[in-house]
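# Secondary and tertiary structure notes
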Amino acid sequence: MTAPLLSLRQVSVTFASRHGGGRIKVRAVDNVSLEVKPREIVGIVGESGSGKSTLARVIAGLVEPAAGELVFDSADLPFRKRPVALRRRIQMVFQDPYSSLDPRMTVRQQLAEVLSVHRLVAPRAIEAASSALLEQVHLPASILDARPRQMSGGQRQRVAIARSLAVQPDLLVADEPVSALDVSVQAGIVRLFAELRRKLGLTLVFIAHDLAVVRHLCDRVAVMYMGRIVETGATDAIFLAPCHPYTRALLAAIPRLRPAGGAAQLPATGEPPSLVRLPSGCRFRTRCPLAFATCAETEPGLVSVSDQEWHLAACHLAASAELTN
Amino acid sequence: MPPSPRPPLLEVDNLSIAVTLPGARRVTAVEDVSFSVDAGEAVGLVGESGSGKSLTLRAILGILPPGASVSAGRVRFEGKDLLAGNEAELRNVRGRGITMIFQEPMTALNPVVRVGEQIVDAARGKRGWSRKVARAEALRLARHMGIPDAEACLSLYPHELSGGLRQRVMIAAALACQPRLLLCDEPTTALDVTIQAEIVALLASLRAELGMSLLYVTHNLALLAQLCRRVEVMYAGRIVERGLIADTFAAPSHPYTRGLVRATPDVDSVVDTLVGIPGSAPPLGARPTGCSFHPRCETATNACRTGDFPLRPLGNGRASACLYAERIGGLAGAGT
């Protein structure tokens with residue numbers, strides 16, 4: 001078995017939250033472990049407040065974890081004083097390229113800045129290197145003189161991806177990179193990520209709330225709810241044999257162009273509880289149609305749910321017939 | 001075809017909307033758009049950003065943003081011309097006749113008024129109820145909307161609620177007027193899928209119970225397939241295809257609709273690879289000549305580059321603006 005490129009071990013992130021006059025600590029990410037192999041595309045899905053974006057920012061070194069450790073390429077990945085060489089190997093792509101690109105700079109300036117700051121190419125080779133980067137994301141060199149507002153949303157996201165590729169990263173962390181785009185443009189960006197993995201051997205952590213996109217792109221999926229991973233497994237296992245009631249609820253809630261089969265419907269009711277007042281026991285139980293007494297008493301851990309390798313779910317009913325129909 | 005017993009609830013005829021761009025340039029953002037909504041019917045208006053779908057919706061209610069104005073056409077609601085009427089007449093239609101819900105409830109709700117009062121005000125203003133009756137109605141609506149702990153929730157301010165709850169409060173305020181037509185401008189786009197599913201189910205049940213009509217604007221084709229019977233597809237300010245959703249999405253007769261369907265990822269299978277539409281929609285005021293879609297169209301020929309491409313009826317309530325509609329839709333021929 002190949003060694004993972006990235007391992008998260010029992011990572012937790014806490015934020016201070018103002019609540020009723022006092023300040024209390026909220027766990028946005030709670031004891032999460034995850035492994036990403038080289039050249040793998042791992043999807044992290046969940047609704048708002050699930051902690052998926054916070055987890056992405058921990059990997060990229062933008063948020064300091066309160067506990068746990070990160071291992072990258074068999075070496076400890078520190079948050080503080082992360083060496084430049086290591087920072088270069090992990091890059092992030094954000095949801096809204098309009099705010100991650102500098103509105104006053106042309107594409108040429110934005111790419112040249114990265115290339116020269118990191119001294120990646122000789123000054124006279126910057127122009128050629130910039131064009132080559134644009135070619136990698138299928139943009140014409142003619143866009144070099146455009147500013148962000150002169151480009152379409154899809155073009156902006158491609159420029160943002162080109163800029164992150166400038167430092168030749170091994171791992172790309174993409175936080176909802178297609179959510180703000182029109183559907184006709186979205187497909188092209190999804191295909192671009194698949195192509196970058198194939199051509200450059202990139203590893204990708206793909207954060208999304210759109211499960212359909214995740215199914216098309218990812219090898220493996222982790223489903224998060226209220227700061228925890230509640231189910232993880234190969235993409236096919238998650239979509240064809242979802243086990244956790246929350247995963248099933250998410251799948252049931254997606255509108256279909258062609259209403260048909262899929263897993264048996266198991267919709268959730270109500271809204272996620274507040275992180276400030278987590279329910280006792282299983283944090284999904286307040287919305288779970290299958291909850292019973294035990295769920296309020298103890299919090300289920302991730303257990304293997306099928307003979308499929310690494311298909312895990314955190315549910316007291318995980319092994320029972322009620323969930324595996 | 002036998003004549004329909006009643007005229008449509010809403011008729012939009014040859015509507016054009018002009019907007020002012022920076023530099024005082026006037027351009028046509030919506031051109032010659034016509035469609036209708038029958039009583040109790042749910043119609044979807046689909047298109048990407050900049051297609052003019054939201055402007056069309058706002059023009060119906062007379063709430064176009066500054067710089068935009070109707071340059072031609074008529075909007076009739078229950079036979080009454082809304083664009084010719086004065087502001088006072090329009091105010092009568094707004095609320096009990098037509099109400100609109102928006103994508104971002106935070107901007108539609110008053111931040112300094114408790115949400116319960118906002119529902120009560122809507123109900124009192126439009127239905128002339130006493131405060132007491134309106135309060136009871138607000139509570140009933142909130143419960144119907146699945147708002148948990150409704151009584152306590154109604155005494156909160158908008159910022160104290162989650163996005164999903166705010167959206168429900170806004171819908172409750174809209175429904176307190178018991179409109180005959182509800183205009184929906186992507187009301188679930190900002191919400192999580194589980195909440196979206198609840199709101200869509202709620203709108204569907206309200207349509208069934210109250211006979212309320214829906215005109216639903218979105219870019220999400222799958223969402224429309226759950227909620228609406230008919231669809232109007234807009235591209236670059238014009239309607240390019242219309243028809244029953246079941247037929248239209250199964251066998252689109254315009255390459256743009258076909259592109260949208262292909263670009264929509266299917267969560268139930270990965271058999272089809274995702275295909276995007278090359279290029280991007282033209283910016284306002286830079287619409288290509290001929291068919292607006294031809295620069296992005298794989299079927300386009302020289303004949304598509306010039307001339308006018310109005311919506312042509314294809315029979316069975318379907319229409320397409322494509323020169324090759326019959327071939328693309330796999331139809332035998334027009335009018336058969």
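Residues numbered from 1 in each chain as written. Chains lettered and ligands numbered in written order. Predicted model: local features only at pLDDT ≥ 70, side-chain atom pairs only at ≥ 80, totals over all residues.

## Looking at the overall build of chain B
In terms of helices and strands, chain B carries 12 helices and 12 strands. Since a compact globule built from 336 residues should have a radius of gyration of about 20 Å, the 21 Å found for chain B is in line with a globular shape. If one aligns the C-alpha atoms of chain B with their principal axes, the spans along those axes are about 65 × 50 × 50 Å. Each of the 336 residues in chain B was classed as buried or not, and the buried ones make up 48%. When contacts within chain B are restricted to residue pairs at least 6 apart in sequence, those whose partners lie at least 24 apart make up 62%. (Helix = DSSP H or I, 4+ residues; strand = E, 2+ residues; numbered from the N terminus. Rg over C-alpha atoms; globule rule 2.2 N^0.38 Å. Buried ≥ 20, exposed ≤ 12 C-beta atoms within 10 Å, placed from the backbone. Contact = placed C-beta atoms within 7 Å.)

## Thoughts on the sheet that holds strand 4 (residues 68-77) of chain B
All names here are of chain B. Across the sheet, four strands lie side by side as 2-1-4-5; this open sheet has antiparallel pairing. Unpaired on one side and paired on the other, strand 2 (25-37) and strand 5 (80-81) mark the two borders of the sheet. Relative to strand 2, strand 1 (residues 10-21) runs antiparallel, the two being bridged by nine bridges. The partner of V12 across the bridge, within strand 2, is F35. Its contacts with the sheet put helix 1 (residues 53-61) on strand 1, strand 2 and strand 4, and the angle it makes with strand 1 is roughly 110°. (Pairing = 2+ DSSP bridges. Axes fitted to C-alpha atoms, helices over the stretch in contact; angles between N-to-C directions.)

## Digging into the nonpolar core
Core analysis: the largest hydrophobic core is formed by 200 residues, its most contacted members being V205 and F206 of chain A together with I119 of chain B. With nine residues, the top contributor of residues to this core is helix 7 (residues 163-176) of chain B. Apart from the residues lying within four places of it in its own chain, the contact partners of I119 of chain B are A138, L141, V169, A172, A173 and A176 of chain B. (Core = buried A, V, L, I, M, F, W, Y, C linked by C-beta atoms within 7 Å.)

## Thoughts on the pairing of strand 9 (residues 230-235) of chain B
In summary, the side chains of a regular strand alternate between the two faces of the sheet. Residues and elements named next belong to chain B. Of all six residues making up strand 9, six are buried, and the element is well covered by its neighbours. Neither face of strand 9 is exposed, since R230, E232 and M234 on one face and V231, V233 and Y235 on the opposite face are all buried. In this sheet, strand 9 lies alongside strand 3 (residues 42-46) in parallel orientation, the contact comprising four bridges. Considered in strand 9, the bridge of L45 is made with E232. Strand direction decides the pairing type here: strand 9 and strand 10 (residues 238-244), joined by six bridges, are antiparallel. Note on strand 10: the bridge partner recorded for V233 is E241. The turn linking strand 9 back onto strand 10 is made up of two residues, and A236 within it adopts a positive phi angle of 50°.

## A few points about the interface of chain B and chain A
How large an interface is tends to be reported as the accessible area lost when its parts come together. On the side of chain A, 34 residues touch chain B, which itself brings 34 residues to the contact. In terms of residue class, the side of chain B that touches chain A is built from 18 nonpolar, 12 polar and four charged. (Nonpolar A, V, L, I, M, F, W, Y, C, P; charged D, E, K, R; others polar.)

## Some details on the domain arrangement of chain A
Residue and element names in this part refer to chain A. Annotation of chain A at the domain level lists domain 1 (1-212) and domain 2 (219-272 + 281-325). For domain 1 and domain 2, the distance between their C-alpha centroids amounts to 28 Å. With 21 residues of domain 1 in contact, the opposing surface of domain 2 contributes 15 residues. Elements that contribute at least two residues to the side of domain 1 that touches domain 2 include exactly strand 2 (22-36), strand 3 (41-45) and helix 8 (211-217). If one sorts the elements of the side of domain 1 that touches domain 2 by residue count, strand 2 sits on top with seven residues. Considering only residue class, the side of domain 1 that touches domain 2 consists of 10 nonpolar, six polar and five charged. (Domains from an automatic or database assignment.)

## Let's talk about the environment of S49 of chain B
Tracing the sequence through the fold places S49 of chain B in the loop between strand 3 and helix 1. When the C-alpha positions of S49 of chain B and H219 of chain B are compared, they lie 8.0 Å apart, and in sequence the two are 170 residues distant.

## Considerations on the packing of helix 4 (residues 107-117) of chain A against helix 6 (residues 153-165) of chain A
A pair of packed helices is characterised by two quantities: the angle between their axes and the separation of those axes. Residue and element names in this part refer to chain A. Helix 6 packs onto helix 4 with a crossing angle of 20° between their chain directions and a minimal axis gap of 9 Å. Relative to helix 6, helix 4 is oriented roughly parallel. Crossing geometry of helix 4 relative to helix 6 is assigned as right-handed. Facing V107, Q110, L111 and V114 of helix 4, the residues of helix 6 in contact are V159, A162 and R163. Split by residue class, the contact of helix 4 with helix 6 holds five nonpolar, one polar and one charged. (Parallel < 35°, antiparallel > 145°, perpendicular 65-115°, else oblique. Left-handed = near helix turned anticlockwise from the far one by under 90°.)

## Overview of the domain arrangement of chain B
Residues and elements named next belong to chain B. Entries for chain B in the domain assignment read domain 1 (1-97 + 179-228), domain 2 (106-177) and domain 3 (258-336). Put simply, the middle of domain 1 and the middle of domain 2, counted by C-alpha atoms, are 23 Å apart. The interface of domain 1 with domain 2 comprises 13 residues on the first partner and 10 residues on the second. The dominant element in the side of domain 1 that touches domain 2, judged by the number of residues it contributes, is helix 8 (residues 193-210), at five residues. Residues belonging to the side of domain 1 that touches domain 2 are distributed by class as follows: nine nonpolar, one polar and three charged.

## Points about the sheet that holds strand 11 (residues 303-304) of chain A
In a beta sheet, neighbouring strands are held together by backbone hydrogen bonds and run either parallel or antiparallel to one another. Residue and element names in this part refer to chain A. Reading across the sheet, the eight strands line up as 6-7-8-3-9-10-12-11 and stay open at both edges, with mixed pairing between neighbours. With partners counted over all chains shown, the strands left at the sheet margins are strand 6 (90-93) and strand 11, one partner each. Two elements, strand 3 and strand 9 (residues 220-225), share four bridges in a ladder whose sense is parallel. Paired with V45 across the two strands is V223, which belongs to strand 9. Most of the contacts of helix 6 go to strand 6, to which it runs at about 170°, and overall it touches strand 6 and strand 7 (171-175).

## A short note on the packing of helix 4 (residues 115-127) of chain B against helix 7 of chain B
All names here are of chain B. Orientation of helix 4 relative to helix 7, taken along the N-to-C sense of each, is 20°, at an axis distance of 7 Å. For the element pair helix 4 / helix 7, the angle class is roughly parallel. Between helix 4 and helix 7 the crossing geometry is right-handed. Along its contact with helix 4, which presents V115, Q118, I119, A122 and A123, the element helix 7 presents V169, A172, A173 and A176.

## Thoughts on unusual backbone geometry
Residues other than glycine seldom take positive phi values, yet R39 of chain A does so here, at roughly 65°. Turning to its location among the elements, R39 of chain A is positioned in the loop between strand 2 and strand 3.

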